[in-house]
Amino acid sequence: MSEFESGEPPDRGPKTKNEWGILVIVSFFFGLFLVLEIAREFTVAKLSIPFFLVSWVVLLIVHECGHALAAWMLGWRIRLVSIGTGKVRFALHLRDVPIEFRTIPLSGFVQPQPTDLVAPRTKQFVIYAAGPGIELIAVGLAVWWFGAAELLQRTPDAGMIAVQSYCVAAILGAGMNLIPFSHRTAEGTGWSDGLGMLLCWRIPDEVFQRRIDEA
């Protein structure tokens, strides 16, 4: 879903006319086929598809807010919260934290900055874990409120289908982010939350000090 970076933004979004053209065409036909499939022999259960897609975008925001909230609670500065990839479409400041909303809401990143050298690796681990963690907490709250049996059974109720879709998107998103893998960005190599949780223990104090000095 989204990716948490220790200072490195993810790859750029489409920039050339050809790239944007391909994106628009693919998005159009995907949306068209989705609408046609839902409309064909429509049942309420088919609403799980758009509910899942909407939940994915909502959870992207929740995920990145989880990273930012953990950093704030640990006393770290938050340099940037970015939702989506591609060109910045809307930006605001919330408690002096810059927040960007970009074109394609499929991934995002947070740039935290340590303010001291007190247990920096532990704090970095907590910040990495907070993204998928807050998604799993959301699922836990849904299970507590509605009951596991209610969430697992078929239902004609559109509201319950929305909750079920949200839970599926949250579990899938958290699971994907916990898989340890690296990826190339325009600025270097980025880590998934899972890989960051494993490798943050190897970050030397000098790196954290350098990030402190960047303030």
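Here, every reference points to the structure presented above.
Residues numbered from 1 in each chain as written. Predicted model: local features only at pLDDT ≥ 70, side-chain atom pairs only at ≥ 80, totals over all residues. Heavy atoms only, no water.

Chemist: What exactly am I supposed to notice about the packing of helix α3 (residues 120–146) against helix α7 (residues 205–213) here?
Modeler: How two helices pack is summed up by the angle between their axes together with the distance between the axes. It is the contact of α3 with α7, at a shortest axis distance of 10 Å, that shows an interaxial angle of 75 degrees. Classed by the angle they form, the pair α3 and α7 counts as roughly perpendicular. Every residue of α7 that contacts α3 at Pro120, Arg121 and Gln124 is listed here: Asp205, Phe208 and Arg211. Among the residues forming the contact of α3 with α7, the class breakdown is 2 nonpolar, 1 polar and 3 charged. (Axes fitted to C-alpha atoms, helices over the stretch in contact; angles between N-to-C directions. Helix = DSSP H or I, 4+ residues; strand = E, 2+ residues; numbered from the N terminus. Parallel < 35°, antiparallel > 145°, perpendicular 65-115°, else oblique. Contact = heavy atoms within 4.5 Å. Nonpolar A, V, L, I, M, F, W, Y, C, P; charged D, E, K, R; others polar.)

Chemist: What is the right way to look at the packing of aromatic side chains in this model?
Modeler: Given two aromatic rings, one states the distance between the centres and the angle between the planes to describe the pair. Enumeration over the complete set of coordinates arrives at 5 aromatic pairs. An angle of 35 degrees between the planes, with centres 5.4 Å apart, marks the rings of Phe125 and Trp201 as tilted. Here Phe125, found in helix α3, pairs with Trp201, found in the loop between α6 (193–199) and α7; they are 76 residues apart in sequence, far enough to count as distant. The exposure class of Phe125 is partly exposed, given its relative accessible area of 27%. Taking the centre distance of 5.9 Å and the plane angle of 55 degrees together, the rings of Trp144 and Trp145 count as tilted. (Phe/Tyr/Trp six-rings, centres within 6.5 Å; stacked < 30°, edge-to-face > 60°. Buried < 20%, exposed > 50% of the residue type's maximum accessible area, 1.4 Å probe, protein only.)

Chemist: How should the layout of surface pockets be read in this particular structure?
Modeler: It is a probe the size of a water molecule, rolled over the atoms, that shows where empty space is left. When its volume is computed, the largest pocket comes out at roughly 360 Å³. What lines the largest pocket is a set of 14 residues, and nearest its centre among them are Ala68, Trp72, Ile78, Leu94 and Val97. Contributions of two or more residues to the lining of the largest pocket are made by α2 (48–73), β1 (77–94) and β2 (97–113). The element best represented in the lining of the largest pocket is β1, accounting for 5 residues. Looking at the lining of the largest pocket residue by residue, the class counts come to 11 nonpolar, no polar and 3 charged. (1 Å grid on protein atoms, 1.4 Å probe; cavity = no way out; pocket = protein on both sides within 12 Å on 5 of 7 lines; lining within 4 Å. Points joined across faces, edges and corners; volume = space filled by probe spheres on them.)

Chemist: Even after reading the chapter, I still don't get α3, so can you show me in this structure?
Modeler: Note that an α-helix has 3.6 residues per turn; residues three or four places apart therefore point the same way. Between its terminal C-alpha atoms α3 stretches 38 Å, which fits the 39 Å expected from 27 residues at 1.5 Å a residue. Of all the bends in α3, the largest measures some 45 degrees and sits at Ala130, one to four residues before the proline Pro132. Along α3, the positions that sit buried rather than exposed are Pro120, Lys123, Gln124, Ile127, Tyr128, Ala130, Gly131, Pro132, Glu135, Ala138, Val139 and Ala142. (Expected span 1.5 Å × (residues − 1). Bend = angle between axes of the 7 residues up to and from the residue.)

Chemist: What is the right way to read the nonpolar core from this model?
Modeler: One broad trend across soluble globular proteins is that nonpolar side chains are buried collectively. With 18 residues, the main nonpolar core has Ala71, Trp76, Ile78, Val81, Val97 and Ile127 as its most contacted residues. Put simply, the parts of the chain that give this core at least two residues each are α2, β1, β2 and α3. For this core, the element with the highest residue contribution is α2, accounting for 4 residues. Not counting the four nearest positions on each side in its chain, Val97 is found in contact with Ile78, Val81 and Leu92. Counting residues in hydrophobic clusters, the runner-up holds 10 residues, among them Ala142, Met160, Cys167 and Ala170. (Core = buried A, V, L, I, M, F, W, Y, C linked by side-chain atoms within 4.5 Å.)

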